[in-house]
Amino acid sequence: RSTFDASVHPVLQSQCVACHQPAGSSGAATAGNSFARSRFVLTGSPEGDYNVTLSMISDTCNLNSNALIVRPSTSPHPNGAAAGSTPLPAGSAGYTAIANWINSGCAR
């Protein structure tokens, strides 16, 4: 949990919380996509965001099976947005922080 607080939560705060908050975002209805259908809703507090973030991880040993890393690193994000909209491009500092956190759970 301490790694989440120190490394992952700041990335979520800077890259994700603007759209993934309970009230949605100004772009919520873009291209017919309603934010209300998203299961990744952030509160802005580490305590509130930890468990929902864990729910986006399905296999710590297979990075590309986790929605937490795949969805925001795929263009466009969200689906139907303008091309080039990628909050966490592969190789970016935020992507790497989240990828390292996910991989740290693999018991190989």
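Residues numbered from 1 in each chain as written. Predicted model: local features only at pLDDT ≥ 70, side-chain atom pairs only at ≥ 80, totals over all residues. Heavy atoms only, no water.

Caption draft 1: How the structure looks around the state of the cysteines. For the coordinates displayed, the defined rule picks out one disulfide. Across a sulfur-sulfur distance of 2.0 Å, Cys61 and Cys106 are joined as a disulfide pair. In this structure the cystine formed by Cys61 and Cys106 twists about its S-S bond by roughly 100 degrees; its chirality is therefore right-handed. Residue Cys61 is located in the loop between helix H2 (46-54) and helix H3 (67-70), and its partner Cys106 is located in the segment after helix H4 (93-103); the two are separated by 45 residues in the primary sequence. Owing to a relative accessible area of 29%, Cys61 belongs among the partly exposed residues under this scheme. The cysteine Cys16 is free of any disulfide, with Cys19 supplying the nearest cysteine sulfur at 8.7 Å. We classify Cys19 as partly exposed; its relative accessible area is 42%. (Disulfide = S-S within 2.5 Å. Helix = DSSP H or I, 4+ residues; strand = E, 2+ residues; numbered from the N terminus. Buried < 20%, exposed > 50% of the residue type's maximum accessible area, 1.4 Å probe, protein only.)

Caption draft 2: A look at the packing of helix H1 (residues 2-15) against H2. Running from N to C, H1 and H2 point in directions that differ by 85 degrees, and their axes come no closer than 11 Å. If you check the angle between H1 and H2, you find them roughly perpendicular. Contacts between H1 and H2 pair Phe4, Asp5, His9, Leu12 and Gln13 from the former with Pro46, Asp49, Tyr50 and Thr53 from the latter. Partitioning the contact of H1 with H2 into residue classes produces four nonpolar, three polar and two charged. (Axes fitted to C-alpha atoms, helices over the stretch in contact; angles between N-to-C directions. Parallel < 35°, antiparallel > 145°, perpendicular 65-115°, else oblique. Contact = heavy atoms within 4.5 Å. Nonpolar A, V, L, I, M, F, W, Y, C, P; charged D, E, K, R; others polar.)

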